[in-house]
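Spelled out from the first residue to the last, the chains are:
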Amino acid sequence: MPDRDEETGRYTGQYSIEDFLNAISNANGMAGTGEIADQVGCAHDTAYKRLQRMEEKGIVSSKKVGNTLLWAETDGNE
């Protein structure tokens, strides 16, 4: 989780790829965007955008189940 600037209250860092992979791992290898956002401590939109970029790089994959998008780490990252 990024640090906050004490004066402005703004976050000073970024969420790491490891933060997102750990959230997926903690959910038994597959988790929804909202669950990942809660684990990482970021907004749903932030998690979704980061996970999309990670998917483009082949780090994670997504699967639509009903109205939920589930994310899993790809085999190449284990």
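See the structure printed just above.
Source: prediction; values computed, not measured.

Colleague: Requested: an account of the packing of aromatic side chains, with residues and values cited.
Modeller: According to the stated counting rule, one finds one aromatic pair in the structure shown. Ring centres of Tyr48 and Trp71 lie 6.4 Å apart, and the angle between their planes is 70°; on these two criteria the pair is classed as edge-to-face. Here Tyr48, found in helix α3 (residues 44–56), pairs with Trp71, found in strand β3 (residues 68–73); they are 23 residues apart in sequence, far enough to count as distant. You can call Tyr48 partly exposed: its relative accessible area is 30%. By relative accessible area, Trp71 is classed as buried at 1%.

Colleague: An account of the sheet that holds strand β2 (residues 60–65) is needed here, citing residue identities and associated values.
Modeller: Spatial ordering of the open sheet is given by β1-β3-β2, a layout of three strands whose pairing is antiparallel. A strand with exactly one partner marks an edge of an open sheet, and here the two such strands are β1 (31–32) and β2. Packing against the sheet, helix α1 (residues 17–26) makes contact with β2 and β3, and its axis sits at approximately 105° to β3.

Colleague: Describe the pairing of β3, and please don't skip the residues or the numbers.
Modeller: With two bridges joining them, β1 and β3 adopt antiparallel strand pairing. In the strand pairing of β3, Ala31 is matched with Trp71. As paired elements, β2 and β3 share six bridges and run antiparallel to each other. From the neighbouring strand, Val65 faces β3, where its bridge partner is Thr68. Hairpin connection between β2 and β3: a loop of two residues separates the two successive antiparallel strands, and Gly66 in this loop has a positive phi of roughly 65°.

Colleague: A description of α1 should follow, citing residues and the corresponding values.
Modeller: Every buried residue belonging to α1 is among Phe20, Leu21, Ala23 and Ile24, and all of these are buried. Projected down its long axis, α1 shows its buried positions confined to an angular sector of 155°, all on one face. On its buried face, α1 sits against α2 (33–40), α3, β2 and β3. Once α1 ends, the next one or two residues include Asn28, with phi positive near 65°.

Colleague: I'd like a rundown of the environment of Gln39, residues and numbers included.
Modeller: Mapped onto the fold, Gln39 is located in helix α2. Residues Gln39 and Asp19, spaced 20 residues apart in sequence, show a C-alpha to C-alpha distance of 8.4 Å. Other than its neighbours up to four places away in sequence, Gln39 contacts Ala23 and Asn26.

Each value, and the rule that gives it
- Residues numbered from 1 in each chain as written.
- Predicted model: local features only at pLDDT ≥ 70, side-chain atom pairs only at ≥ 80, totals over all residues.
- Heavy atoms only, no water.
- Phe/Tyr/Trp six-rings, centres within 6.5 Å; stacked < 30°, edge-to-face > 60°.
- Helix = DSSP H or I, 4+ residues; strand = E, 2+ residues; numbered from the N terminus.
- Buried < 20%, exposed > 50% of the residue type's maximum accessible area, 1.4 Å probe, protein only.
- Pairing = 2+ DSSP bridges.
- Contact = heavy atoms within 4.5 Å.
- Axes fitted to C-alpha atoms, helices over the stretch in contact; angles between N-to-C directions.
- Arc of directions from axis to C-beta.

Any link to function would need more than the numbers given here.
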